[in-house]
Protein chains: 2
Amino acid sequence: MPTNTQILLDSRPSDAATLSNFKLVTQETPALQDGQVLVRHHFLSLDPYMRGRMNDAKSYTAPQALGEVMGGGTVGEVLESRSPLFTPGDKVVGLGGWQTYSVVNAATPGALRKVDTTHVPLSYYLGAVGMPGVTAWYGLVHILEAQAGQTLVVSASTGAVGSAFAALAKTRACRVVGIAGGPAKCDYATTELGFDACIDYKQHTDAASLSSALKEVCPDGVDGYFENVGGMVLDAVMLRMNDFGRIAVCGMIAGYDGKPLPMNYPALILRSRLKIQGFIVTEHLDVWPQALQELGELVATGRLRPRESVAQGLAAAPQAFLGLLKGQNFGKQIVKLM
Amino acid sequence: MPTNTQILLDSRPSDAATLSNFKLVTQETPALQDGQVLVRHHFLSLDPYMRGRMNDAKSYTAPQALGEVMGGGTVGEVLESRSPLFTPGDKVVGLGGWQTYSVVNAATPGALRKVDTTHVPLSYYLGAVGMPGVTAWYGLVHILEAQAGQTLVVSASTGAVGSAFAALAKTRACRVVGIAGGPAKCDYATTELGFDACIDYKQHTDAASLSSALKEVCPDGVDGYFENVGGMVLDAVMLRMNDFGRIAVCGMIAGYDGKPLPMNYPALILRSRLKIQGFIVTEHLDVWPQALQELGELVATGRLRPRESVAQGLAAAPQAFLGLLKGQNFGKQIVKLM
């Protein structure tokens, strides 16, 4: 069996996460038992939710255990199979974690899914046609309940979720405005991702200023906001929400790696009769087939052309992950493992 | 025609409202035209929403105009009628404002409604069987979607909304926990209003302490929270919300009369997958008949015995209103006008 390279959670961050929280090890891959398959990982997904799991605190997922392989989504190829469900050569998406190989009980529901790479590149099953894409779909369809002609805003707009959100929103004839960090991301949002406008939050030092900039590009106000970041950005968008506006809370990355950030104008919830709802896409598995089908079609027809930030080799994963938390990635952050 | 005593909004508060913002005047009541009725007000309702209208800012109702009679709910008796819809002697509820008489166009939808005082005292149509009662009903039924066995929390729990909320929640076999200011209100909540427990927020100086006290009386967590106050109380309850909990935002009185108060833990919206929704009961007129019928029955059968704070005479209204904003009332705050 091949030698497996792994990254373990070695210690918990006391404040911001650092490289010293991770540890790279190697070990032999165990022999397959009946019903198991050996998967060689081609790509590892890096996602903001992983930061929450590094803390030993109540969160929506159980904390990552110390000394264990960091969890995470992976795509790869079946090398060996002792299961009738998979054949060597199958391209698969699963939850293999931060390692180069995994041994999977093939019959466990949700553990491994065969995918078709004819029209969709394998790595996209970690992004646009995977968990982040479905996240955008669920928030747009089930929480924002987007209608043609409405103005929608999404933060972290060039990331995996934001770029899928834009494509899905344009399909529904919405005006879609992004918020991103830096002129390069904003240019990319409008020229490549279909955003009608994109605001560089780094040009603003307070919510009032950012809110004024939003007003210019949302002359009819904001009907729905897909929240990925929190903090000043949330305050700024709330100031622009129309009556009966909806906010889907998918993430608050601005507060993940330090002190929690307050919402400064909660009285707007009442004044504008807002609905604000948090959600976790893995709790809504019933919508995945429908969402993945639409996302796959958008990619196959070129209406969703997501960008990827690709780190090279497993050893680069911790640094790439810390960069993701600071917004240094540009598009979906993945790690190429072979 | 009788002489009408009125209280006008004379100036807008720059920070906290003061007596100098109000002005008492008298003037003759105009002669009735066809379709109009003259109403003598017996009671005026004082409600927290009036504070928002004193500012010249975006709110869910238009600002109160300077130099005009302060708006507000009233109950009274028809003295003269030039409308076929009302007869002298009719007991009516309307929006007569801070004055002793009003001339009303009887056919205007929502302007005046005849009420039956056989089983429900007239003043209760300003509280338990009026706007505050329907507010509690709407939040409980349509936003919290209360189910038997759930734990619900309401702040300002001995006020007009809170006391109706408790009776409605107990009818639905919920555990209902109040938050109020001072031991007298808390005793009253549990001994008279049917609360299973009530916490005195004045015994706590921070959200963590109040949250610990809540944990003791909500051993199964909190499924639904009816928010009237905001600030520290909101933070404390959010820390105790169960996954998929709901928060109905009816008011944030703690921030009405000064600086807006932040929500300090918005990341809990995501972590606990909360739904937070603001509402204004006058935008849901379709539910009023159903809600008023249930509330009337609760009062008539003694299952809802609301308390009233009664100020004597129109001139006492401003001071009573300022007291209401500080929680100095005990139960529904009204002003007896005759």
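When you go through chain A residue by residue, the secondary structure sums to nine helices and 15 strands. Taking 20 Å as the expected radius of gyration for a compact globule of 338 residues, we find that chain A reaches 20 Å, a close match to that expectation. Reported as C-alpha extents along the three principal axes, the dimensions of chain A are approximately 60 × 45 × 35 Å. For chain A, long-range pairs separated by at least 24 residues make up 67% of all intrachain contacts whose partners lie at least 6 apart in sequence.

All names here are of chain B. Here helix α8 (residues 288-300) spans 18 Å end to end across 13 residues, near enough to the 18 Å set by a 1.5 Å rise per residue. All buried positions along α8 are accounted for by Ala291, Leu292, Glu294, Leu295, Gly296, Leu298 and Val299. Buried-residue contacts for α8 involve α2 (131-143) and α3 (160-171). After α8 finishes, the residue Gly302 shows a positive phi value of roughly 80°.

Turning our attention to the environment of Val217(A). All names here are of chain A. Looking at where Val217 falls in the secondary structure, it is placed in helix α5 (residues 207-217). Looking at Val217, the number of C-beta atoms within 10 Å reads 17, which means it is partly exposed. Excluding residues that lie within four positions of it along the chain, Val217 makes contacts with Val177, Ala197 and Ile199.

Moving on, we come to the packing of α2(B) against α8(B). Residues and elements named next belong to chain B. Between α2 and α8, the least distance of the axes is 9 Å, while the angle of their chain directions is 105°. Here α2 is positioned roughly perpendicular relative to α8, judged by the angle of their axes. Across from Gly133, Val134, Trp137 and Tyr138 in α2, the residues of α8 making contact are Trp288, Ala291, Leu292, Glu294 and Leu295. Here the residues of the contact of α2 with α8 sort into seven nonpolar, one polar and one charged.

Residues and elements named next belong to chain A. Looking at chain direction, strand β9 (residues 175-180) and strand β10 (residues 197-200) are connected through four bridges and run parallel. The residue bridging Ile179 from the neighbouring strand is Ile199, located in β10. In this fold, β9 hands off to helix α4 (residues 183-191), which returns the chain to β10; that crossover is right-handed.

Moving on: the relation of the copies chain B and chain A. Once chain B is rotated about the relating axis by 180° and shifted along it by 0.0 Å, it coincides with chain A to within an RMSD of 0.0 Å. Here the two chains are linked by the operation of a two-fold rotation axis.

This paragraph deals with the domain arrangement of chain A. Residue and element names in this part refer to chain A. Segmentation of chain A into domains returns domain 1 (3-127 + 307-336) and domain 2 (131-282). With centres defined by C-alpha atoms, the gap from domain 1 to domain 2 works out at 28 Å. Within the side of domain 1 that touches domain 2, the residues separate by chemical class into six nonpolar, five polar and four charged.

All names here are of chain B. Direction vectors running N to C along α2 and α3 enclose 50°, while the axes themselves pass 8 Å from each other. By the angle class used here, α2 and α3 are oblique. α2 and α3 meet at a crossing whose hand is right-handed. Note on element contacts: α3 touches α2 through Ala160, Val161, Ala164, Phe165, Leu168 and Ala169, opposite Pro132, Gly133, Thr135, Ala136, Trp137 and Leu140. Here the contact of α2 with α3 is built from residues that sort into 10 nonpolar, two polar and no charged.

All names here are of chain A. As paired strands, strand β14 (residues 308-312) and strand β15 (residues 332-336) are joined by five bridges and run parallel to one another. The residue bridging Ala311 from the neighbouring strand is Val335, located in β15. Following the chain from β14 across helix α9 (residues 317-325) to the adjacent parallel β15, one finds a crossover that is right-handed.

Our focus in this paragraph is unusual backbone geometry. The residue Phe244(A) is not glycine, and still its phi comes out positive at about 65°. Mapped onto the elements, Phe244(A) comes out in strand β12 (residues 241-249).

To continue, consider the sheet that holds strand β9 (residues 175-180) of chain B. Taking strand neighbours across the sheet as the criterion, the 12 strands line up as β10(A)-β9(A)-β8(A)-β11(A)-β12(A)-β13(A)-β13(B)-β12(B)-β11(B)-β8(B)-β9(B)-β10(B) in an open arrangement whose pairing is mixed. The open sheet has two free edges, formed respectively by β10 of chain A together with β10 (197-200) of chain B, since each of these has just one partner strand. Ignoring which end each strand starts from, the neighbouring axes of this sheet average 15° apart. Sheet topology places strand β11 (residues 222-227) of chain B next to strand β12 (residues 241-249) of chain B; five bridges connect them, and they run parallel. For Tyr225(B), the partnering residue across the bridge sits in β12(B) and is Ile247(B). Along the sheet, helix α2 (residues 131-143) of chain A makes contact with β11 (222-227), β12 and β13 (275-278) of chain A, crossing β12(A) at roughly 145°. Against the sheet, α3(B) touches β8 (151-155), β9 and β11 of chain B, its axis set at about 170° to β9(B).

About the criteria used
- Chains are numbered independently. Their residues run from 1 in the order of the written sequence.
- Chain A is the first chain written and ligand 1 is the first ligand written, with later ones labelled in order.
- Only residues with pLDDT of at least 70 are given local features in this predicted model, and only at 80 or more are side-chain atom pairs given and counted; all residues enter the totals for whole chains, interfaces and linings.
- Only DSSP runs of H or I with at least four residues qualify as helices, and only runs of E with at least two residues qualify as strands; both kinds are numbered from the N terminus onward.
- In this setup the radius of gyration rests on C-alpha atoms only. A globule is expected at 2.2 Å times the number of residues raised to 0.38.
- Any residue pair is listed as a contact if its two C-beta atoms, each placed from the backbone, are within 7 Å.
- Expected helix span is taken as 1.5 Å per residue step, with the number of steps being one fewer than the number of residues.
- Whether a residue is buried, exposed or partly exposed is read from the other C-beta atoms within 10 Å of its own C-beta, which are placed from the backbone; 20 or more gives buried, 12 or fewer gives exposed, and intermediate counts give partly exposed.
- Here, axes are lines fitted to C-alpha atoms. For helices the fit covers the stretch in contact, and angles between N-to-C directions go from 0 to 180 degrees.
- By the definition adopted for this analysis, an angle is roughly parallel if under 35 degrees, roughly antiparallel if over 145, roughly perpendicular if from 65 to 115, and oblique otherwise.
- In this count, Pro and Cys sit with the nonpolar residues alongside Ala, Val, Leu, Ile, Met, Phe, Trp and Tyr, while Asp, Glu, Lys and Arg are called charged and the others, Gly among them, polar.
- Paired strands, as defined in this entry, are two strands with at least two bridges between them according to DSSP.
- With strands facing away from the observer, any crossover in which the path from the first strand over the helix to the second runs clockwise is taken as right-handed.
- Least-squares fitting of one copy onto the other uses the C-alpha atoms of those residues that reach a pLDDT of at least 70 in both copies.
- What fixes the domain bounds is an automatic or database domain assignment.
- Left-handed is the label given to a crossing in which the near helix is rotated counterclockwise from the far helix by less than a right angle, and right-handed is the label when the rotation is clockwise.

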